[in-house]
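# Coordinates in review
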8 protein chains.
Amino acid sequence: MSNEIKEWLKKVEAGELRAEEAYEQIKGYEDIDGFAKIDVQRVKRKGFPEVIYGEGKTAEQIQAIFSRLMTHHETVLATRISKEKAEQLVPQLVHVTYDECSRTLLYDERKSFRSYGKVGVLCAGTSDLPVAEEAAITAQAMGLEIARFYDIGVAGIHRLFDQLEQIRTCDVLIVVAGMEGALVSVVGGLVQQPILAVPTSIGYGASFHGVAALLTMLNSCASGVSVVNIDNGFGAAYQAALISRIKKE
Amino acid sequence: MSNEIKEWLKKVEAGELRAEEAYEQIKGYEDIDGFAKIDVQRVKRKGFPEVIYGEGKTAEQIQAIFSRLMTHHETVLATRISKEKAEQLVPQLVHVTYDECSRTLLYDERKSFRSYGKVGVLCAGTSDLPVAEEAAITAQAMGLEIARFYDIGVAGIHRLFDQLEQIRTCDVLIVVAGMEGALVSVVGGLVQQPILAVPTSIGYGASFHGVAALLTMLNSCASGVSVVNIDNGFGAAYQAALISRIKKE
Amino acid sequence: MSNEIKEWLKKVEAGELRAEEAYEQIKGYEDIDGFAKIDVQRVKRKGFPEVIYGEGKTAEQIQAIFSRLMTHHETVLATRISKEKAEQLVPQLVHVTYDECSRTLLYDERKSFRSYGKVGVLCAGTSDLPVAEEAAITAQAMGLEIARFYDIGVAGIHRLFDQLEQIRTCDVLIVVAGMEGALVSVVGGLVQQPILAVPTSIGYGASFHGVAALLTMLNSCASGVSVVNIDNGFGAAYQAALISRIKKE
Amino acid sequence: MSNEIKEWLKKVEAGELRAEEAYEQIKGYEDIDGFAKIDVQRVKRKGFPEVIYGEGKTAEQIQAIFSRLMTHHETVLATRISKEKAEQLVPQLVHVTYDECSRTLLYDERKSFRSYGKVGVLCAGTSDLPVAEEAAITAQAMGLEIARFYDIGVAGIHRLFDQLEQIRTCDVLIVVAGMEGALVSVVGGLVQQPILAVPTSIGYGASFHGVAALLTMLNSCASGVSVVNIDNGFGAAYQAALISRIKKE
Amino acid sequence: MSNEIKEWLKKVEAGELRAEEAYEQIKGYEDIDGFAKIDVQRVKRKGFPEVIYGEGKTAEQIQAIFSRLMTHHETVLATRISKEKAEQLVPQLVHVTYDECSRTLLYDERKSFRSYGKVGVLCAGTSDLPVAEEAAITAQAMGLEIARFYDIGVAGIHRLFDQLEQIRTCDVLIVVAGMEGALVSVVGGLVQQPILAVPTSIGYGASFHGVAALLTMLNSCASGVSVVNIDNGFGAAYQAALISRIKKE
Amino acid sequence: MSNEIKEWLKKVEAGELRAEEAYEQIKGYEDIDGFAKIDVQRVKRKGFPEVIYGEGKTAEQIQAIFSRLMTHHETVLATRISKEKAEQLVPQLVHVTYDECSRTLLYDERKSFRSYGKVGVLCAGTSDLPVAEEAAITAQAMGLEIARFYDIGVAGIHRLFDQLEQIRTCDVLIVVAGMEGALVSVVGGLVQQPILAVPTSIGYGASFHGVAALLTMLNSCASGVSVVNIDNGFGAAYQAALISRIKKE
Amino acid sequence: MSNEIKEWLKKVEAGELRAEEAYEQIKGYEDIDGFAKIDVQRVKRKGFPEVIYGEGKTAEQIQAIFSRLMTHHETVLATRISKEKAEQLVPQLVHVTYDECSRTLLYDERKSFRSYGKVGVLCAGTSDLPVAEEAAITAQAMGLEIARFYDIGVAGIHRLFDQLEQIRTCDVLIVVAGMEGALVSVVGGLVQQPILAVPTSIGYGASFHGVAALLTMLNSCASGVSVVNIDNGFGAAYQAALISRIKKE
Amino acid sequence: MSNEIKEWLKKVEAGELRAEEAYEQIKGYEDIDGFAKIDVQRVKRKGFPEVIYGEGKTAEQIQAIFSRLMTHHETVLATRISKEKAEQLVPQLVHVTYDECSRTLLYDERKSFRSYGKVGVLCAGTSDLPVAEEAAITAQAMGLEIARFYDIGVAGIHRLFDQLEQIRTCDVLIVVAGMEGALVSVVGGLVQQPILAVPTSIGYGASFHGVAALLTMLNSCASGVSVVNIDNGFGAAYQAALISRIKKE
């Protein structure tokens, strides 16, 4: 921000820009009826447009924000969209796809697909699929190729070993696991890829809705593991995209 | 208890025993100065004599209880004995050995060693040794052969695989691990032996003094795992001894 | 695993097996539509076939996995099956029984029943029955004889004493209790059998959905107690089966 | 308070008291150097004089408060007095006794002892003694006879049964236990006396400094149990005294 | 128990009783279809018959237990009975009353009412009524007179002061409060009656379903307070009854 | 209170008031059918009339309390009123408005609006609106002007900077945020206004229903921040009103 | 910030300032050896200079920061300074005062004292003094008059009532309490002043180092209470100063 | 692993290797006196040699492991080495450097430094330096260039803005913060670099030894943030190295 301010100051000094005009360029957001402020500059700052978090918003609010974003970007993503809201939204928003498993709503009008890299999405059990798919769909929307390795938990560890060769062809790994989440440590001991660990709320009793898996991952004895919030497939994919982009720059 | 009472009632009925005598036999403990009641019947009920838990007791109290037990049994064990207390106790109690690593005090005058079975003691890292050794020394005192497999955590999983053949020769396994405790799930996926999992307080930050490892083990996706308290090497060994004894009966 | 690898290497060296063939034998799982990998070797590693955990899986996924397992094994078990899913599944899977209390789905075509031992299932109160029955049905599926001792909580401790004689005839005990879970410590003080303690989520307020009972059991002053996850009747039964099998080997 | 105010108002109305005088009588405390306000009316409201909680106070502050109370009452008690502070205080305060085990400081110049009732103090293990003794000494200072039943935990339950007859002669019971605290439920199932349960911080790992025992006691399946704070022997004794006094009124 | 055993032994010795007969008298419970064991001796041990805890039991199970208890006692109480279950049960069990606010089911055929004492039931706010009423109805069933002091929380403390005179006429007080539960400390500072504190789950956010109130009560700076589980109006009333009975004995 | 008592005493002494009359004036509440005590003096003590907390009360109870308060005050507010209860209440209580977003019920018959000051209500995201609006409507009912700054979370921090000038014209700020609640620290670093921080339960996984935001706010490295309960928009507004009133006095 | 940027832009546009000069003025901090950046503009933004938090800093670091601040401001405050560090620092920093009870280090060279208002500091018990004094000394350094009301906890509530008249003369109240912290609710029910509640870590067992008091205060049924971190006397005083300043503006 | 096994099998098949030789190559670790197993293949699997975690190991154990690693690698790192242990170790291990602030022990005999990328290490306050330096020294040992941005917490947010230009020149960012940890969200909203967030245990009261900062970071509303354990500077640096290496490949 500091050097942008410097540049604006210099342009004003040089008479290239009026003070008011310079200021308008910093502002960079659009207000929707007082309840939301669309951050249209985010794509400049983060490399990707704003993503809509659907929980706690009404279908009306989501629709207003989503359609506004569609006027600015060729890809728009909303996560945590319940089936009920999707049924309201899909007819209203043209060219939009709803995926029930991952609860995502995607508008994707990219002409060509430029790949930033390949992310491997691993999950421990079939029950972890919704979170793994949220990660996969987000990553794809953000320009990554996806390789899926599902149901390879450590209770049958040979299923993992059999896929190691494939797993090692990826740039980054997203490892999704609930219950005790031990898959992360085992994979972490075997590969050189940075691992983004996603604990899920799958389990019961002393899994405490994902806390057990979260703690496992934070305390992993294997190195090269960093962690996102419970069930946050989206966040892992976003981080994977930022990481992959380094490579391409 | 019920059938013992029946038997006593019958003996009294048969005139073989007087009521007062029968009662004295049920009582089954010795009082030490009001502060402790030695459970001399425990060996009958549990198969092993009472073990002294050293924490929160003064050296004087431990000495009194220990020496009283020595008059009844050929093996007496005390756990959680600090080095300071041991320095006071060892000169007072003849034929007693103190092990600093496991903080145990052992009196062992068994003429011959009858093995109830073989227990494998596995630990993830060198820092887990004190707990692993508490388990090993307890198990030995209770009549088990010990096989040690130390520093085989999942960050270098081939160290475990290399020992699997040996591990599978044991009757029961005690798996000791701190941090995220993932070793338990990996071993649990590979062997048929019942696993007694011991979380340790090794770790920092979100390990919460062993809670992370405890939750991992309680939520293990591998079957055949049951868990004891954090740092409770003693408890795992005791359970291993009870399990092994089934086999020999 | 290590000695298996050695053996494969040796067979290949000896020309008995081609490299590719050896490799195929290690793999040992079947993939179902990408969402699940059936671990067909588990029966070799653990002595029992894979068991399906029903929560978080759709009825369609359960059916696909269940019927695949039926082609490999004469006993197939699924736990945590809601009544709704059962109503969908039972008509599809022939020779399958659903038990509403324990929420288990069982396929059992064993010709003869070879008993590995006898497990006593104890529970504190009538409200703990669903967990106790999950344990009982699992244990039976795994080849154990069952003795049930229900509603013998410590508020009326003579109900326990009256059954002690019977309880002592078992090889292993599963003790199921909610609220404060004190039954475990009392039984643990009286018997020589290894105890697998199962806290239940029965209770309210400061029971914290089973945490109070879990902590009680982990801190039991009685020895010979190890613990499984809250409401995990299945896990206790599995461990009981592994323990009992030692005896028979 | 309301009827006292009414009475003061009436006395003033009747001209028996001046408004200022009436007000002085309500105030009812003495200020010590701004840092403490001695509640000299507490004996009237609660039946016993104020007791000093020693933790977080300097020896100087304790001495000032203690000696002021000695001018008003024939019994003064301070709890949680470390050995270091006691060494400073005992020489300064004449006729005062320090008990190291319970960490209490007592001034007791009662001419005669009027008993309000008999309290039984039970504890599970020798390590619980300091808390049990804090209860016993407090109860005695408040006019109760004490019967001690120490080291009768449920791991050797016959030690409890042997004392039941004696225990049932008490008016109220204080049950002190650490670790899993199961003693409370067992006693609660067997007696008619109201039980004041005191969890102690004795234990390790998942005892969480007394939380496990606290939860056990709050969730006790036995009725007639109410609970005080962890290690709060004082509070249990105070409540026992209030309960016993009902009987005598 | 011990002296009863002694007496049985003596009677058998004296030939007054046969061994089998003596044993039958100790047993003291009735089995219902394996799922429940009615503790018919509880009235002898605790002074009151067994009370049914309704949660987690089916209406069928409750009916079976309730009607069996009706054959033994003139008062039978069940708590935590949902409106749905009550609608099933009331038509089946004659002479039974259901109270929706307190969720209790009561059978009361006492010819005369012998009062053991008077309990004051105080509650902080109108939202705490269900718990307060569970206490009141239980206390009444157990032979106490009830005085209700509702909605006197400390936000308007004069409402409490106005009732103090009445409150001080009770033998025991039950103080019910949610949110921060400060009412307990204020009352505790003003009266000589033993206080049974009942935290309620009323509140939101950082009240954590009653934990905030529970901690307040356990840490009360006022003396003469002991605590029961969150929302446990029943438990407080039971303890109040035991305490009151001392007085009458 | 003390000086009021003094004054009453003096008036009685002077014969201006009879003792009974003086007492009646202290009492200051009205009883509704035993279940509620309306605190009619609260407006004198706190400057605002009592506000009804709707949760845990039946519609009938709310209606009774609300209409009683309407006879005393020209503004009556009830919070946490569900849509269902509102549908019952609005037809019964004339001149009352229900706001669905904030779940408030307001009766406001003020002839003129005297402003005590201006409060800025900031919120991080659109999902925080219900809590922000509870604050705004409460503040308005209590005589504050409101400036709303919504959806200005730190993920797009320029949205905040753009509004800083406006924000700095307020007297007090209420900052509402869920998830990690970082907005509070950022605003706190930039302004001189006292900040009342309101964590919301918006978020998932390790947000633990608002605990993450609560902890953030309590630990804020910026000064001039104090915190209210999770989702407690009402409480923040009340405090803002008290603070603003100082200025006007 | 936004309007400052506007102004800079305008000044540059007007040729009053060069771009570089304008930029230098925004920067506004001084770097000390890379380890600290003194925020010399804080006094402009917040009204008070930066305060040093002593914990986790070496005496050398504190000295460097403290003396640098002394060159800018006539009042410099450091909190959480241990006695050991103070002994190193006081000789180095002239005109500085160390207060052992509150652990503060103060440099105060104000020529005259301009009062922004009067803050009442209340505390429940003598053990809470260190936190209360941290508040008092901070408040004084920030230009407030202090009225102290110590040891007025609710166990002897008349001590509070006696001081109410005085308390009501303050502009803002800081209420400091440990254990169950009920004092806050009682004061909150009686006064119109905004209350800043400070939980302290005084207590034991289930006080959980101040968590019990923190929860009490967050859930207070009295309105007009906002809360700061446990033991954060400094933070409460800072907020009190910001609030008081509103009045004077 | 799977393809390595395939290759070994093929080599054996081809007669290039004997079965025993192939097996020896898989083993890949060295045993030290039974207490440790040096993972000499880690550099092959992870790209970096094993790093020693010093806590819970004796100086003797560390020395043995450290010197063995020195025979294999030109860089050896040990973390969490206390000053006491360092004083024992440094004289024994030649060419080794101890850094007191970060508590690291480093042996670095690299001939040339090949940079994998540039990591920015940001920290909020001076008290966070030890963790930030652990990260910096680890990153340097793993081949990264370091840019330090210290003491730029959000209480003085312009300190951050002034450095943004520099920060944006890095490949990856490590953001270290204690207390409420809001710095992570602010930086995350402004940059495109992947952020590795490290909560520190700096703070008091409701910071719960770093839990508050950990939760803040897990719930960050800014995208592109993943988190490591509390105080785990090492882990963040390791992950940064893996990420940077992608770029160079």
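The structure presented is a predicted model; accordingly, all values stated were derived computationally and were not measured.

About the cut-offs
- Residues numbered from 1 in each chain as written.
- Chains lettered and ligands numbered in written order.
- Predicted model: local features only at pLDDT ≥ 70, side-chain atom pairs only at ≥ 80, totals over all residues.
- Heavy atoms only, no water.
- Core = buried A, V, L, I, M, F, W, Y, C linked by side-chain atoms within 4.5 Å.
- Buried < 20%, exposed > 50% of the residue type's maximum accessible area, 1.4 Å probe, protein only.
- Contact = heavy atoms within 4.5 Å.
- Buried area = accessible area lost by both parts, 1.4 Å probe.
- Salt bridge = Lys/Arg side-chain N within 4 Å of Asp/Glu carboxyl O.
- Polar contact = N/O pair within 3.5 Å; in protein donor to acceptor, adjacent residues only side chain to side chain.
- Helix = DSSP H or I, 4+ residues; strand = E, 2+ residues; numbered from the N terminus.
- Nonpolar A, V, L, I, M, F, W, Y, C, P; charged D, E, K, R; others polar.
- Pairing = 2+ DSSP bridges.
- Axes fitted to C-alpha atoms, helices over the stretch in contact; angles between N-to-C directions.
- Domains from an automatic or database assignment.
- Least-squares fit on C-alpha atoms with pLDDT ≥ 70 in both.
- Left-handed = near helix turned anticlockwise from the far one by under 90°.
- Phe/Tyr/Trp six-rings, centres within 6.5 Å; stacked < 30°, edge-to-face > 60°.

Core analysis: the largest hydrophobic core is formed by 277 residues, its most contacted members being Leu160 of chain A together with Leu160 of chain E. If you look at the next biggest cluster of nonpolar residues, it comprises 105 residues, including Ile81 of chain G together with Phe234, Ala236 and Leu242 of chain H.

For the rest of this paragraph, the subject is the interface of chain B and chain A. Contact residues are listed per partner, giving 23 residues for chain B and 23 residues for chain A. Buried area between chain B and chain A, both sides added, is near 1,800 Å², and the carbon and sulfur share of it is 72%. Counting across the chain B and chain A interface gives 0 salt bridges. Linking chain B to chain A there are 9 residue pairs in polar contact (both at pLDDT 80 or more). Those elements giving two or more residues to the side of chain B that touches chain A turn out to be helix 9 (183–188) and helix 10 (211–218) of chain B. Counting residues per element, the side of chain B that touches chain A draws most heavily on helix 10 of chain B, at 4 residues. Split into classes, the residues belonging to the side of chain B that touches chain A amount to 16 nonpolar, 6 polar and 1 charged.

In this section: the interface of chain H and chain A. Taken together, the contact between chain H and chain A spans 44 residues of the former and 44 residues of the latter. A buried area of about 3,700 Å², summed over both sides, lies between chain H and chain A, and 51% of it is on carbon and sulfur atoms. Taken together, the connections running from chain H to chain A amount to 0 salt bridges. Linking chain H with chain A are 22 residue pairs in polar contact (both at pLDDT 80 or more). Listing elements by their share of the side of chain H that touches chain A, those giving two or more residues are helix 1 (2–13), helix 3 (42–46), helix 8 (164–167), strand 10 (195–199), helix 10 (211–218), strand 11 (225–227) and helix 11 (233–248) of chain H. A per-class count over the side of chain H that touches chain A returns 20 nonpolar, 13 polar and 11 charged.

Let's shift gears to the sheet that holds strand 5 (residues 96–99) of chain H. Residues and elements named next belong to chain H. Overall, mixed pairing links the 4 strands, which are arranged 3-4-6-5 in an open sheet. The open sheet terminates on both sides in strands that have one partner only, identified here as strand 3 (52–53) and strand 5. Relative to strand 6 (residues 104–108), strand 4 (residues 75–79) runs antiparallel, the two being bridged by 4 bridges. For Ala78, the partnering residue across the bridge sits in strand 6 and is Leu105. Lying on the sheet, helix 4 (residues 59–70) is in contact with strand 3, strand 4, strand 5 and strand 6; it crosses strand 4 at an angle near 160°.

The next subject is the domain arrangement of chain A. All names here are of chain A. Annotation of chain A at the domain level lists domain 1 (1–32), domain 2 (35–112) and domain 3 (118–248). Carbon and sulfur atoms supply 46% of the area that domain 1 and domain 2 bury against each other, a total of about 840 Å² over both sides. Linking domain 1 with domain 2 are 2 salt bridges, by the criterion used here. The salt bridge involving Glu30 is made with Arg68; its shortest N-O contact spans 3.1 Å. Here domain 1 is connected to domain 2 by 6 residue pairs in polar contact (both at pLDDT 80 or more). Of all the elements in the fold, those that place two or more residues in the side of domain 1 that touches domain 2 are helix 2 (19–27) and strand 1 (30–32). Considering every element that reaches the side of domain 1 that touches domain 2, the biggest residue donor is strand 1, with 3 residues. For the side of domain 1 that touches domain 2, the per-class residue count stands at 3 nonpolar, 2 polar and 2 charged.

Time to look at the relation of the copies chain B and chain A. Superposing chain B onto chain A requires a rotation of 180° together with a translation of 0.0 Å along the rotation axis, leaving an RMSD of 0.1 Å. Expressed as a symmetry operation, the mapping of one chain copy onto the other fits a two-fold axis. Relative to the rotation axis, the closest C-alpha in chain B is found at Ala182 of chain B, a distance of 2.5 Å. When the interface residues of chain B are mapped onto chain A, 100% of them again lie at the interface, so the same face is used by both copies.

All names here are of chain F. Their axes nearest at 10 Å, the elements helix 4 (residues 59–70) and helix 5 (residues 83–92) cross at an angle of 35°. Judged by the twist between their axes, the crossing of helix 4 over helix 5 is right-handed. In contact with Ala59, Glu60, Ile62 and Gln63 of helix 4, helix 5 contributes Lys85, Gln88, Leu89 and Gln92. A breakdown of the residues in the contact of helix 4 with helix 5 according to their chemical character gives 3 nonpolar, 3 polar and 2 charged.

Okay, the environment of Leu69 of chain E next. Residue and element names in this part refer to chain E. By the secondary structure assignment, Leu69 is in helix 4 (residues 59–70). Owing to a relative accessible area of 0%, Leu69 belongs among the buried residues under this scheme. A C-alpha to C-alpha distance of 7.9 Å links Leu69 and Val40, two positions 29 residues apart in sequence. Beyond its immediate stretch of four places on either side in the chain, Leu69 contacts Ile38, Glu50, Ile52 and Val76.

To continue, consider the environment of Ala59 of chain H. Structurally, Ala59 of chain H is set in helix 4. Leave out the neighbours within four places in its chain, and Ala59 of chain H touches Lys85, Gln88 and Leu89 of chain H.

To continue, consider the packing of aromatic side chains. Within this structure, the stated rule accounts for 28 aromatic pairs over all chains. Seen in terms of ring centroids, Phe161 of chain C and Phe161 of chain D are 5.5 Å apart; in terms of plane orientation they differ by 80°. Their pairing is edge-to-face. Remark: Phe161 of chain D occurs in helix 7 (residues 158–161) and Phe161 of chain C occurs in helix 7 (residues 158–161); the pair is interchain, linking two chains. Under the relative-accessibility criterion, Phe161 of chain C is labelled buried at 7%. Cluster of aromatic residues (ring-pair linked, three or more members): Phe48, Phe234 and Tyr238 of chain A.

Moving on, we come to the arrangement of the chains. At the C-alpha level, the nearest point of chain A lies 15 Å from chain E, with no contact between them. Across the gap from chain E to chain H, with no contact made, the nearest C-alpha atoms are 13 Å apart.

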